[in-house]
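The chain contents come next:
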Amino acid sequence: MTINRRTLMKLAALAPAAKLVGIQMAHAEDRDFRHALTLFSDIKYPPDFKHFGYVNPQAPKGGRVRFGVVGSFDNLNPYTFKGEAGPAVQNDALLMSSLDEPSTEYGLVASGVWHPADRSMVVYRLRPEARFNDGTPITPDDVIWSMQALRDAHPQYNSYYKNVARAEQTGEHEVTFTFTEKGNRELPLITGQLPVLSKAWWTAKDAQGKQRNIQETSFEAPLGSGPYVADDVKLGTSIRLKRVPDYWGKDLPVNAGQNNFDTIEYIYFRDANVAFEAFKGDQYDWRTESSSKMWATGYDFPAVKSGRVVKEEITLKQVNGMQSWAMNIRLPKFQDVRVRQALNFAFDFEWANQNLFYGQYTRSRSYFNNSEMEAKGLPSEAELALLNPLKDRVPAEVFTTEYMNPVNDTPQNRRKNLRQAAKLLSDAGWQIAQDGGKNVLKNNKGEQLTIEFLLDSPLFERIALPYQQQLELLGIGVTIKTVDSAQHERRTQTFDFDIMVGSWPQSLSPGNEQRDFWGSQSAKRNGSRNYVGIANPAIDAIVEQLVQAPDRDSLVAACRALDRVLIWNHYVVPMWYSPVTRTARWDRFSRPDQLPLLSTGFPTTWWWDEEKAKKVAAT
């Protein structure tokens, strides 16, 4: 049901003390609007809080920060799944997440939020002062249009908000989202994450008279509402943002002490090694180092030794999700679980960790590594309550065996694991045959087992090459294809790959995104994060239990049950994780005494330090 403004005025005249909620009338005093929402636990900051505890409210404004990015961009519209977008626009959301609470959001565009006990809907009161960067007000109509336009433009938004049945204006500054289901604790929170776009801007024509289309790529930076706007864009090369001095939300408690730099610049490099040399040459300021080799051997240049560059490992409270060699099980060759399991027996993590990673990594054994949601031991009673009804549809090992990866710590174990891999492949119907004097694996149709590894960075080539040698010992034909980031994005969005590096980051409170990661519906939807192509009714059932979890204990049990079923189906070859975030920066910045628990806070809560910058320049 859509209620237009005229109807609202008539209803308001008939019942001036009431507000519409969906199609019901509810008195204002019956609805306790809050300044924040949380999933399970208490809200940390009270309604009258002045700033978050991890900021310096007196942080000076000024200076600049530059980031190096490996890759390129061919588009400035981040809301379509077409192309690869650069960070040229910021749109405020209804709520803002706290960086020291796992699942709490505070009012940003919305000043207050309410939902009934069954969470069948959520109501937001918008701030009358909220503005887009051109000075036009943010209205309920913009919120409603944003929800539908984003769902139409991008499959991830469509999946994320699929349980929003309708959005409607229910007051002069009020929007109500009605849901298709009750009891989903996360739905009010994820609607709060909705970026609010300008309907007027997107439905108008550009300076050349061409109709704008949110579903298409564009070289025009969209109108935003956030603290920074695009100032200078060199397509494929760099994007510079400048701080908006009269940003409408700069004095809100959720923004106090944040957004301190005058400019933020993103500089693009085609090659990771070139990017690192540029950092050494002071062409950008901050690196989050992903290469263990670089961390161990690359930071011995003079600026580090003199202290002008600070190398720091930061420990965060976070879940280490699954990074892996992800197989595309839409392809017939990966549909036999024995083939998938054999690929894990052939992967020599221990050799890679010792010879390539300098012992810095821990092997992943879970989709929720390093957290209470990681499945260990045998299932608990709470897990069995979820798993027993699915017993005939999940691997038997889920109930009997704690998952452990094969270990290749000795030559004997490497040979034993390769023999086990060969047996699994033989049991799956792949037999050694001669082809041009080489041993190759073929099935009874005479087809050879071949695998292409699709990569987007040369850094992974040094890991894929020794893996290729192990697989070729088994008779598998292997090619390694490294493509640019834009081509990699296109191919992964359409699932045009054999094996890729698949990563699924996890929060401390997993929820509706698990449908997009593992759900049967997402397996067929281009642009989803179900890279593997999982369409498993048992997994769907567990994910729904996770989404509907009424409390923290139930959520943890559902995550552990999901973890067991995913890992024992051998959909991926697990890689590794690091318990620390490796950072390096030119020493021109200062930060609050307390960093947030869940993030480095850079650059949002840091600031330019003029005295440090002078010392760096003088050294």
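## With respect to the overall build of the protein chain
A count of helical and extended segments in the protein chain gives 20 helices and 27 strands. Rg of the C-alpha trace for the protein chain: 26 Å, near the compact-globule value of 25 Å for 619 residues, within the 12% margin. Across its three principal directions, the C-alpha atoms of the protein chain cover 85 × 65 × 50 Å. For the protein chain, contacts bridging at least 24 residues in sequence account for 72% of all contacts bridging at least 6. Here the protein chain has roughly 26,600 Å² of accessible surface; of this, 49% comes from carbon and sulfur atoms. Charged side chains of the protein chain number 73 positive and 73 negative; the gap between the two group centres comes to 2 Å.

## Section: helix H14 (residues 461-473)
With 13 residues, H14 extends 18 Å between its outermost C-alpha atoms, agreeing within 8% with the 18 Å of an ideal straight helix rising 1.5 Å per residue. For H14, the complete set of buried residues consists of Ile 463, Ala 464, Pro 466, Tyr 467, Gln 468, Gln 470 and Leu 471. Within two residues after H14, Gly 475 carries a phi angle of roughly 95 degrees, on the positive side.

## Overview of the sheet that holds strand S6 (residues 104-107)
Taken in spatial order, the 3 strands line up as S3-S6-S5 in an open sheet, and their pairing is antiparallel. The open sheet has two free edges, formed respectively by strand S3 (36-38) and strand S5 (95-97), since each of these has just one partner strand. Going across the sheet, the axis of each strand differs from the next one's by a mean of 25 degrees, ignoring polarity. Where S5 lies against S6, 3 bridges are found, and the strand directions are antiparallel. Considered in S6, the bridge of Leu 95 is made with Gly 107.

## A look at the environment of Phe 301
Within the secondary structure, Phe 301 sits in the loop between helix H7 (292-297) and helix H8 (302-305). Phe 301 sits in the buried class, given a relative accessible area of 7%. In this structure the C-alpha to C-alpha distance between Phe 301 and Arg 582, which are 281 residues apart in sequence, comes to 17 Å.

## Quick word on the nonpolar core
Among the nonpolar cores identified, the biggest contains 83 residues, and Trp 325, Leu 343, Ile 476 and Trp 518 are the most heavily contacted of them. Looking at this core element by element, the count peaks at 10 residues for helix H19 (residues 552-568). Once residues lying within four places of it in the same chain are set aside, the contact partners of Ile 476 are Leu 343, Leu 425, Leu 441, Leu 449, Ile 451 and Leu 471. One finds Phe 49, Ala 153, Phe 179 and Tyr 247 within the second-largest nonpolar core, a separate group that totals 53 residues.

## Focus on the pattern of salt bridges
Opposite charge on two side chains permits pairing when their charged atoms draw close. Scanning all chains against the criterion turns up 38 salt bridges. Glu 174 is the partner of Arg 125 in a salt bridge, and the nearest nitrogen-oxygen pair spans 3.8 Å. Of this pair, Arg 125 sits in strand S8 (residues 121-126) while Glu 174 sits in strand S10 (residues 174-179), placing them 49 residues apart in sequence. Since its relative accessible area comes to 30%, Arg 125 is described here as partly exposed. For Arg 365, the salt bridge goes to Glu 402, with nearest N and O atoms at 3.5 Å. One end of the pair, Arg 365, is in the loop between strand S17 (362-363) and helix H11 (381-387); the other, Glu 402, is in the loop between helix H12 (397-400) and helix H13 (411-427), with 37 residues separating them in the sequence.

## Remarks on the packing of helix H18 (residues 537-547) against H19
The packing of two helices is summarised by the inter-axis angle and the distance between the axes. Contact geometry for H18 and H19: axes closest at 8 Å, N-to-C directions at 160 degrees. As far as their axial angle goes, H19 and H18 are roughly antiparallel. Once H18 is placed against H19, the crossing between them reads as left-handed. Across the interface between the two elements, Ile 539, Ile 542, Val 543, Gln 545 and Leu 546 from H18 touch Leu 555, Ala 558, Cys 559, Ala 561, Leu 562, Val 565 and Leu 566 from H19. When grouped by side-chain class, the residues that make up the contact of H18 with H19 number 11 nonpolar, 1 polar and no charged.

## Description of the packing of aromatic side chains
Taken as a whole and judged by the stated rule, the model has 45 aromatic pairs. Arranged with centres 5.1 Å apart and planes meeting at 85 degrees, the rings of Phe 602 and Trp 606 form a pair that is edge-to-face. Classification of Trp 606 as buried rests on a relative accessible area of 0%. Counting every residue linked through ring pairs, the aromatic cluster contains Phe 67, Phe 261, Tyr 266, Trp 286, Phe 589, Phe 602, Trp 606 and Trp 608. The aromatic ring of Phe 495 is capped on one face by Arg 330, whose charged end is 3.6 Å from the ring centroid.

## A short note on the side chain of Asp 609
Inspection of the secondary structure puts Asp 609 in the loop between strand S27 (607-608) and helix H20 (610-618). Buried charged residue Asp 609 carries no salt bridge. Nearest counter-charge: Lys 612, at 4.6 Å. Here Ser 590 takes part through its side chain, which lies 2.6 Å from a polar atom of the side chain of Asp 609. In this view, Asp 609 contacts Arg 588, Phe 589 and Ser 590; residues no more than four positions away in its chain are not counted.

## What about the sheet that holds strand S21 (residues 477-482)?
Taken together, 5 strands build an open sheet; the order of strands is S21-S20-S22-S16-S23 and the sheet is mixed. With partners counted over all chains shown, the strands left at the sheet margins are S21 and strand S23 (572-574), one partner each. Each neighbouring strand pair of the sheet contributes to a mean axis angle of 35 degrees, computed without reference to strand direction. In terms of strand pairing, strand S20 (residues 450-455) meets strand S22 (residues 499-506) through 2 bridges, oriented parallel. When the bridges of S22 are listed, Phe 453 appears paired with Ile 499. Packed on one face of the sheet, helix H15 (residues 485-493) meets S20, S21 and S22 and runs near 130 degrees to S20.

Reading the values: rules and limits
- Residues numbered from 1 in each chain as written.
- Predicted model: local features only at pLDDT ≥ 70, side-chain atom pairs only at ≥ 80, totals over all residues.
- Heavy atoms only, no water.
- Helix = DSSP H or I, 4+ residues; strand = E, 2+ residues; numbered from the N terminus.
- Rg over C-alpha atoms; globule rule 2.2 N^0.38 Å.
- Contact = heavy atoms within 4.5 Å.
- Areas by Shrake-Rupley, 256 points an atom, 1.4 Å probe, with all protein chains shown as cover.
- Lys, Arg positive; Asp, Glu negative; His and termini not counted.
- Charge placed at Lys NZ, Arg CZ, Asp CG, Glu CD.
- Expected span 1.5 Å × (residues − 1).
- Buried < 20%, exposed > 50% of the residue type's maximum accessible area, 1.4 Å probe, protein only.
- Pairing = 2+ DSSP bridges.
- Axes fitted to C-alpha atoms, helices over the stretch in contact; angles between N-to-C directions.
- Core = buried A, V, L, I, M, F, W, Y, C linked by side-chain atoms within 4.5 Å.
- Salt bridge = Lys/Arg side-chain N within 4 Å of Asp/Glu carboxyl O.
- Parallel < 35°, antiparallel > 145°, perpendicular 65-115°, else oblique.
- Left-handed = near helix turned anticlockwise from the far one by under 90°.
- Nonpolar A, V, L, I, M, F, W, Y, C, P; charged D, E, K, R; others polar.
- Phe/Tyr/Trp six-rings, centres within 6.5 Å; stacked < 30°, edge-to-face > 60°.
- Lys NZ or Arg CZ within 6 Å of the ring centre and 35° of its normal.
- Polar contact = N/O pair within 3.5 Å; in protein donor to acceptor, adjacent residues only side chain to side chain.

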